[in-house]
Amino acid sequence: MSSKRILMGNEAIAFGAMKAGVQIASGYPGTPSSEVMETIASHAKEYGIYAEWATNEKVALETAVGAAYSGANAIVTMKQVGLNVASDPLMSLSYIGVKGSLVILVSDDPGPHSSQTEQDTRAFGHFANIPVLDPSTPQEAYNMTLLAFRLSHEMETPVILRTTTRVSHGCADVVIGDIAPIPRDIEGFVKDTRWTIFPKLTAQRHPLLEDLQLRLSDCFSEYFEDNSFNSLSKGSSRIGIAASGVSYLYAMEAVRKLPGVFSVFKTATVYPFPEKAALDFLKGITDLIVVEELDPYMEEQFLQLAGKHHLNVNIYGKKNGCFPVSGEYDVDVVIDGINSSLERGNTDVPGLSHSPPAINLKEVPSLLIRAPTLCAGCMHRTVFYAFKKAAGKLRSQKGIDSVFSGDIGCYTLGNARPLNMVDTCLCMGAGISIAAGLSHTQEYSNNGKAKQIAFIGDSTFFHSGIAAVVSAVYNSADITIAVLDNRTTAMTGHQPHPGIGITAVGSPAKIIDIAEVLKSCGVGLVRTIEADGLDGCIDAATEAMQFEGPSAVVFRGKCVAISKGEGQYIVDEDKCTGCKLCISQLGCPAIFSISSGLPVIQDTCSGCGLCAQTCPSEAIVLKEVL
Amino acid sequence: MAPRLLATAAMDAGFHVATAETIGMAQREGSVTSHVRIGDDVYGSLIPQGTADLIIGLEPAEAARNLRYLRKGGSVVVNGHAIMPSTQGKGSEEYDPDRLIGFLNDNCPDIISADFTRLAKDAGTYKAANVAMIAAAAGAGLLPFSQEYLWDVLEKMIPEKYRDVNRRVFDRAIESVSDTKGKGMESRAFNDGRVR
Ligand code: SF4
Ligand code: SF4
């Protein structure tokens, strides 16, 4: 039996995994991948699945690998930058292979909407010699998840299921089968030299690994005959279009007014590249337009193929400037790309046209820029502001400047004006290590010293902060670590972590206390304070910054996105002098004022009271009070 | 929630659907646009420029920011309640919502603009402004399915303790557009999803 449901691509993948009989799931949250694990975790008890959030992607992958070594069906989930963290085990694993099945779900983020990079996991799969499947719709994501588990088991290789934001976070009506999981008995771990990577084993396995790529390429070419996600169609012109992932849909919509004109090569099995099918497709084609977001991965495959077989075909894509090399695609971007390819080619196929908007866009009044910023009432704003104040004191009293190293999470938004409290941000955990590096070159500025402050969130602390703390302490870095502990992994949708005491499936767990970890790592001064009082935060920040050697403060608070605000504040117009410090200092999105008026607090105020504590005239008060 | 609500109601009414939403960093107080496609044949979830039948602007500037998507003859439902930015971006003009609403009213032939936040607040919670707007769109005949489909989905989505207040918001919003109902229905017929 099957049923039709509205599912987000990520949910469709989770249902596919459960249908395929997944037995263990591990992951680290990261937009746009997080809902896969969340969905599996919420059904884990029902289907007897072991599901967990691991502390980072490397740990998650290795956990899933252990399970797969024993014959289980495993899935591990992460975003594209998470794959970088997991790349160490991944590169070795491709040599070793698996016994049960192992699907690695990696979500890419063209645009990017919520990421540090626009990297392309198809290229990573190629680099690691691991097959990559690239669905274009939530339905395909569901179907390909089933395929991924099957392939992994049959070929004894991990398989990457790669999605992009529009597939992961797009919803559609999806037909799914009833979840009667396809059972696979767990054989259990059987000792064998095959599980221990040594140079000798690597040397033995490498030729087999290369051979597997060839076999898979052939297998993927065969899919064109009987599979809906790979297809070849011949058109009336001698122009071809090749596409994968969601770009395929953009291309089909772009050319829909010219039905049957283009030959179309659509593949969802992108690596190893289905060469035989591609060669077949190129017969009779003089001009090939490759439509793909992120890297020119398929374009390179086609260029190689054309070179290898001395084919006389022009190939248009990113490499000759017909399509943008970065950013997210949509139908309009693809229309422009196809048109510029058609212009360069020798063809009489007419150009494609855009639909003109109803309103002349030039007449639209210029609009405000609405950049992302910390939520109204977010505890991070209080802590950043406290450090700003403490740093001001340090500068005026001792002439010492401060450098603020940020990290990955909501609190990266501390860079927004007027806080401007993020001077560096690189990757998870790097705030602490970069601060340490800077501390060893303290004499860089003319006036001598600079104090190094590292901000890190609670989940990021467990992800890759701890090793950085150990290294900083061991190497006597003079840094202050501010742990912004809002009791959740906020940015990616509020997943629990080891500091909270609840597992992915909602069971109670042992709490790992961040302050105790810092102490046991040898940090000289460790304080824990509540983040709701500004003065207390300033004092704690000042004390930590004046401490010689590594110091740390754990600021404990709540994320307003999951905790209820307490009341709302209002500006007492009789007391307000119009100094607008509450606006110029804090950047809380709930307060605004037009240049001629007094500040106004909007409905979104969550009642943190920070502005009230900042106001020199005591003009901001609880609504009930006024 | 709004895109999923529309999509689920449309699916229940027998259409294919595709939505695109913004989640993560970009969502934190930034400009957020969701796309919902409803029809017999949907391609990707992103709507090409100049082809949207309807823009539901939860805020005036955000409605204006997305006008490039509106097709000729398309409709706009806009919340007149502005969300003012705390800090003016460098070089960005001061936000004048009234002027913007004026522009929208003058330039969009088929527009419903009202303070839906106030409407929702009066009915019990300002947080239901998006429910009010979608209900208004349905009430004005701008959706290719009837309002019952919407309420059926809402009823399932909303926790019981908030159901009554949302029902009030829903009904009041529909009532608020009752005089526009039927007006200009022809120009409002969907161009790629048929009304069943
Ligand atoms: S109390 Fe002030 S700072 Fe806190 S959320 Fe409300 S307006 Fe913003
Ligand atoms: S989601 Fe939570 S942590 Fe993130 S900015 Fe909002 S309040 Fe702060």
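Model, not experiment: these values are computed from the prediction.

**Some thoughts on the site of ligand 2**
Taken together, A:L374, A:C375, A:C378, A:H380, A:C410, A:N486, A:A490, A:C559, A:V560, A:A561 and B:R28 make up the full set of residues adjacent to ligand 2. Each of chains A and B places residues next to ligand 2. Along the lines of polarity and charge, the residues of the shell around ligand 2 split into eight nonpolar, two polar and one charged.

**Quick look at helix α6 (residues 121-128) of chain A**
All names here are of chain A. When α6 is considered as a whole, its buried residues turn out to be T121, R122, F124, G125 and A128. The buried residues of α6 occupy an angular sector of 160° when projected down its axis, which confines them to one face. With its phi angle positive at about 60°, N129 sits one or two positions after the end of α6.

**Focus on the nonpolar core**
All names here are of chain A. F387, L518 and F555 are the most contacted members of the largest nonpolar core, which totals 74 residues. A total of nine residues in this core trace back to one element, the largest contributor, which is helix α14 (residues 379-398). Among the nonpolar cores identified, the runner-up in size contains 73 residues, and M144, C219, V261 and I335 belong to it.

**Side note on helix α9 (residues 199-226) of chain A**
All names here are of chain A. Helix length check: α9, at 28 residues, gives a terminal C-alpha distance of 41 Å against a target of 40 Å (1.5 Å per residue), a fit within 8%. The axis of α9 is deflected most strongly, by about 30°, at R205, and proline P207 appears within four residues downstream. Where α9 is concerned, the buried positions are L201, L209, L212, Q213, L216, S217, C219, F220, S221, Y223 and F224.

**Details of the sheet that holds strand β8 (residues 170-177) of chain A**
One open sheet accounts for four strands, arranged β1(A)-β8(A)-β1(B)-β2(B); its pairing is antiparallel. Two strands close off the open sheet at either side, each with one partner strand: β1 (2-8) of chain A together with β2 (35-39) of chain B. This sheet shows a mean twist of 25° between the axes of neighbouring strands, independent of strand direction. One ladder, built from three bridges, connects β8(A) with strand β1 (residues 16-20) of chain B; its direction is antiparallel.

**Notes on the environment of B:R163**
Residue and element names in this part refer to chain B. Counting through the fold element by element, R163 comes out in helix α7 (residues 160-176). C-alpha of R163 to C-alpha of Y69: the two residues are 94 residues apart in sequence and 33 Å apart in space. Every residue in contact with R163, bar those within four places of it in the chain, is listed here: W151, E155 and I158.

Definitions and cut-offs
- Residues numbered from 1 in each chain as written.
- Chains lettered and ligands numbered in written order.
- Predicted model: local features only at pLDDT ≥ 70, side-chain atom pairs only at ≥ 80, totals over all residues.
- Heavy atoms only, no water.
- Near = heavy atom within 4 Å.
- Nonpolar A, V, L, I, M, F, W, Y, C, P; charged D, E, K, R; others polar.
- Buried < 20%, exposed > 50% of the residue type's maximum accessible area, 1.4 Å probe, protein only.
- Helix = DSSP H or I, 4+ residues; strand = E, 2+ residues; numbered from the N terminus.
- Arc of directions from axis to C-beta.
- Core = buried A, V, L, I, M, F, W, Y, C linked by side-chain atoms within 4.5 Å.
- Expected span 1.5 Å × (residues − 1).
- Bend = angle between axes of the 7 residues up to and from the residue.
- Pairing = 2+ DSSP bridges.
- Axes fitted to C-alpha atoms, helices over the stretch in contact; angles between N-to-C directions.
- Contact = heavy atoms within 4.5 Å.

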